[in-house]
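Architecture at a glance
The lines below spell out each chain.
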Amino acid sequence: MKPRNKSFYLSPSSIAVFKQCRQRYKFLHIDKLGDKYGKPRPYFTMANHVHATLKEFLSIQPVGLRTSASVEELLRKNWQRYRLGFRNKDDELRWAEKALAQLRAFVNTQDVGVHPIMMEEMVEAEISTGLVLRGRIDRVDKEPDGTLHIIDYKTGNTAGETDWEQLELHALILSKRLPWPVSKISYLYLGNSAMKSTVISGDDLRQVHWRVLTTANTIRQEKQFHPNPSPWCGNCDFISICPGKSEAESLVTSSDQPGLWDDS
């Protein structure tokens, strides 16, 4: 009997990395160098605490106690879990104040009486034989008509042009796992409380499914994994070992340039 082929895993983040820089994809997902070269980033730390706080706020905290004071208390508790990536105490305070401002704005502008059916949950589904798509979904609400609404929290800057692929992929995963169809996907930008939404249909998901199969085939056939030097390389943990380092360094205009990954 032939052994079963090992499953190939993709996620919204790994697909985005492959499209942005194939060399970075190789470092992360083939060579598995993330733990060795990865550095703590203050915006990732802040985002982690904001997401954890909102999960507790909407899934554990009773509706009558969902106030600005209680969300601050939850943030302070979560903040003690780890405090990495900050330059100094003042830098940490700046990020903490940014997190608190976003959470207070959430309480003041959003419906805090909601009861999401899913919060900060890892999900995966086999979308074709041997191909597994997985990702972390921030929040899923059930609409009055019984359909699902996927909401992704963004702690970074509001995007000019919206790329819906992350949430389309999440919708594809849920379509394989849950009996209710996804009808709506949204990005909620916590910095200014802006919500960007779009509808999604079964036809849309069939196109998404085809795109994932095409991308998976491209990755599997890739042999070279060439770097793609750009100004965003200033945020890459692998710049020191990248074969495109010299060209990348000439393109980086600022060591504090916000990159694709400063948008959790």
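Note: the structure precedes this text.
About the cut-offs
- Residues numbered from 1 in each chain as written.
- Predicted model: local features only at pLDDT ≥ 70, side-chain atom pairs only at ≥ 80, totals over all residues.
- Heavy atoms only, no water.
- Pairing = 2+ DSSP bridges.
- Helix = DSSP H or I, 4+ residues; strand = E, 2+ residues; numbered from the N terminus.
- Buried < 20%, exposed > 50% of the residue type's maximum accessible area, 1.4 Å probe, protein only.
- Contact = heavy atoms within 4.5 Å.
- Right-handed = clockwise from strand over helix to strand, strands pointing away.
- Phe/Tyr/Trp six-rings, centres within 6.5 Å; stacked < 30°, edge-to-face > 60°.
- Lys NZ or Arg CZ within 6 Å of the ring centre and 35° of its normal.

**Re the pairing of strand β6 (residues 194-199)**
Two faces belong to every sheet, and in a regular strand the side chains alternate between them. With six bridges joining them, strand β5 (residues 182-189) and β6 adopt antiparallel strand pairing. Among the inter-strand pairings, Ser186 is bridged to a residue of β6, identified as Ser197. Following β5, the chain reverses through four residues before pairing antiparallel with β6; Ser193 in that reversal takes a positive phi of roughly 60°.

**Details of unusual backbone geometry**
Positive phi values are uncommon outside glycine, yet Lys32 reaches one of about 55°. With respect to the element layout, Lys32 can be found in the loop between α2 (22-30) and α3 (34-37). One non-glycine residue with positive phi stands out, namely Phe225, at about 50°. Positionally, Phe225 belongs in the loop between α8 (202-221) and α9 (245-251). Under the relative-accessibility criterion, Phe225 is labelled buried at 6%.

**Details of the side chain of Glu165**
Structurally, the position occupied by Glu165 is in helix α7 (residues 165-177). With near-sequence residues (within four places) excluded, Glu165 lies in contact with Ile15, Lys19 and Arg211.

**Describing the pairing of strand β4 (residues 148-154)**
Within β4, seven of the seven residues are buried, leaving the element largely enclosed by the surrounding structure. By the alternation rule, side chains of β4 split into Leu148, Ile150, Asp152 and Lys154 and His149, Ile151 and Tyr153, which are all buried. Note: strand β3 (residues 131-142) against β4, four bridges, orientation antiparallel. Directly across from Arg139, in β4, lies its bridge partner Ile151. Two elements, β4 and β5, share seven bridges in a ladder whose sense is parallel. Residue Asp152 lies in a different strand from β5, and its bridge partner there is Tyr187. The β-α-β motif built from β4, the intervening α7 and the parallel element β5 has right-handed crossover chirality.

**Observations regarding the packing of aromatic side chains**
Applying the stated criterion across every chain, the model contains ten aromatic pairs. Here Tyr25 and Phe225 contribute two aromatic rings whose centre-to-centre distance is 6.2 Å and whose plane-to-plane angle is 5°, an arrangement assigned as stacked. Of this pair, Tyr25 sits in helix α2 while Phe225 sits in the loop between α8 and α9, and the two are 200 residues apart along the sequence. By the burial criterion, Tyr25 is buried, and Phe225 matches it. Taking 6.4 Å as the distance between ring centres and 50° as the angle between the ring planes, the aromatic pair formed by Tyr187 and Tyr189 counts as tilted. On the basis of relative accessibility, which here comes to 4%, the residue Tyr187 falls in the buried class. Through a chain of ring-to-ring contacts, the aromatic side chains of Phe18, Tyr25 and Phe225 assemble into a single cluster. Across the ring face of Trp180, the terminal group of Lys142 is positioned such that the distance to the ring centre comes to 3.5 Å.

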